[in-house]
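Each chain, written out:
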Amino acid sequence: MNKSFKLEDGNFSGEIRMRIGVIAIQGDVSEHVHAVDNALSELGESSDIVEIKHSGIVPECDALILPGGESTTLGRLLLKEGISEEIKQAASAGIPIMGTCAGLILLAQRGDVQVAKTHQHLLGLMDTKVNRNAFGRQRESFETYMELPFLDSPYRAVFIRAPAIVDAGPDVEVLSKIDDKIVAARQSNILAFAFHPELTDDLRIHRYFLNMIREY
Ligand code: GLN
């Protein structure tokens, strides 16, 4: 974390400036950058948001976001660019990481037949098993209201060809389910959503993630 100092009421006060990295190889990167930026402004904070396209940047970040996109492509490029190993190291150092949609797939330890068939690279940071297209063709895209334990009113979630967690170990805190499918979960410093908080104006999930970074 970079500590910068700003002049406040004539006195120097320490301001903690975070560096939040968004994996920017493919997927809805700008939407996450925008959402983090807006959530920070709402809180009256400023931090650096960096787009990560190659290795060497992850070790300098205080938090990471894995966006939605195409998980096979994302996985392959993370591995090729050497970013995959850096993310694993950051995770074990306790750096907060949030994955949305394809990001939730990448965070998992285990996958379904489709994951095996496509030789999908998984980071394996959560004790979860994922189903890549859990809601099938008929419900490719939909929106629904859900309760999340850290919010005091329902959240409208946008699902697009969404995956789901179909099995989770004891260390995984289930935050929300649709039928028997887990669509939001947390395991220590890792947070995963099957939907897209970056595609709505409701910034409460990004705000929750910013609080996780502050607690780190
Ligand atoms: N189902 C997609 C995949 O397997 C993820 C969809 C998304 O991120 N919107 O990569």
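Residues numbered from 1 in each chain as written. Predicted model: local features only at pLDDT ≥ 70, side-chain atom pairs only at ≥ 80, totals over all residues. Heavy atoms only, no water.

Colleague: Describe helix H1 (residues 29-42), and please don't skip the residues or the numbers.
Modeller: In this model, H1 (14 residues) spans 20 Å end to end at C-alpha, consistent with the 20 Å of a helix rising 1.5 Å per residue. Listed as buried for H1 are Val-29, His-32, Val-33, Ala-35, Val-36, Ala-39 and Leu-40. Along the axis of H1, the buried positions cluster into a sector of 165°, meaning they face one direction only. For H1, the exposed residues set more than 90 degrees away from the buried face come down to Ser-30 and His-34. Contact partners of the buried residues in H1: strand E3 (19-23), strand E4 (48-52), strand E5 (63-66), strand E6 (97-100) and helix H6 (204-215). A positive backbone phi angle near 70° is found at Gly-44, which sits one or two residues after H1. (Helix = DSSP H or I, 4+ residues; strand = E, 2+ residues; numbered from the N terminus. Expected span 1.5 Å × (residues − 1). Buried < 20%, exposed > 50% of the residue type's maximum accessible area, 1.4 Å probe, protein only. Arc of directions from axis to C-beta. Contact = heavy atoms within 4.5 Å.)

Colleague: A description of the site of the ligand should follow, citing residues and the corresponding values.
Modeller: If you check the shell around the ligand, you find Gly-68, Gly-69, Glu-70, Ser-71, Cys-101, Ala-102, Ile-105, Arg-132, Asn-133, Ile-160, Arg-161 and His-196 and nothing else. Within the contact set of the ligand, an oxygen atom lies 2.7 Å away from a backbone nitrogen or oxygen of Ser-71. Note that an oxygen atom of the ligand is positioned 3.1 Å from one of the backbone N or O atoms of Ala-102. Summarising the interface, the protein chains cover 95% of the accessible area of the ligand, which totals 300 Å² for the free molecule. Looking at the shell around the ligand residue by residue, the class counts come to four nonpolar, five polar and three charged. (Near = heavy atom within 4 Å. Polar contact = N/O pair within 3.5 Å; in protein donor to acceptor, adjacent residues only side chain to side chain. Areas by Shrake-Rupley, 256 points an atom, 1.4 Å probe, with all protein chains shown as cover. Nonpolar A, V, L, I, M, F, W, Y, C, P; charged D, E, K, R; others polar.)

Colleague: A description of unusual backbone geometry should follow, citing residues and the corresponding values.
Modeller: Although it is not a glycine, His-119 adopts a positive phi angle of roughly 50°. Summarising the element assignment, His-119 is placed in the loop between helix H5 (113-117) and strand E8 (126-131). Backbone geometry at Ser-188 places phi at a positive 55°, although glycine is not the residue there. Note that Ser-188 resides in the loop between strand E13 (181-187) and strand E14 (190-193). Residue class for Ser-188 comes out exposed when judged on its relative accessible area of 55%.

Colleague: Outline the pattern of salt bridges, supporting the account with residue identities and numerical values.
Modeller: Tallied over the entire structure, the rule returns ten salt bridges. Linked through salt bridges whose partners overlap, the residues forming this network are Arg-110, Asp-127 and Asp-167. (Salt bridge = Lys/Arg side-chain N within 4 Å of Asp/Glu carboxyl O.)

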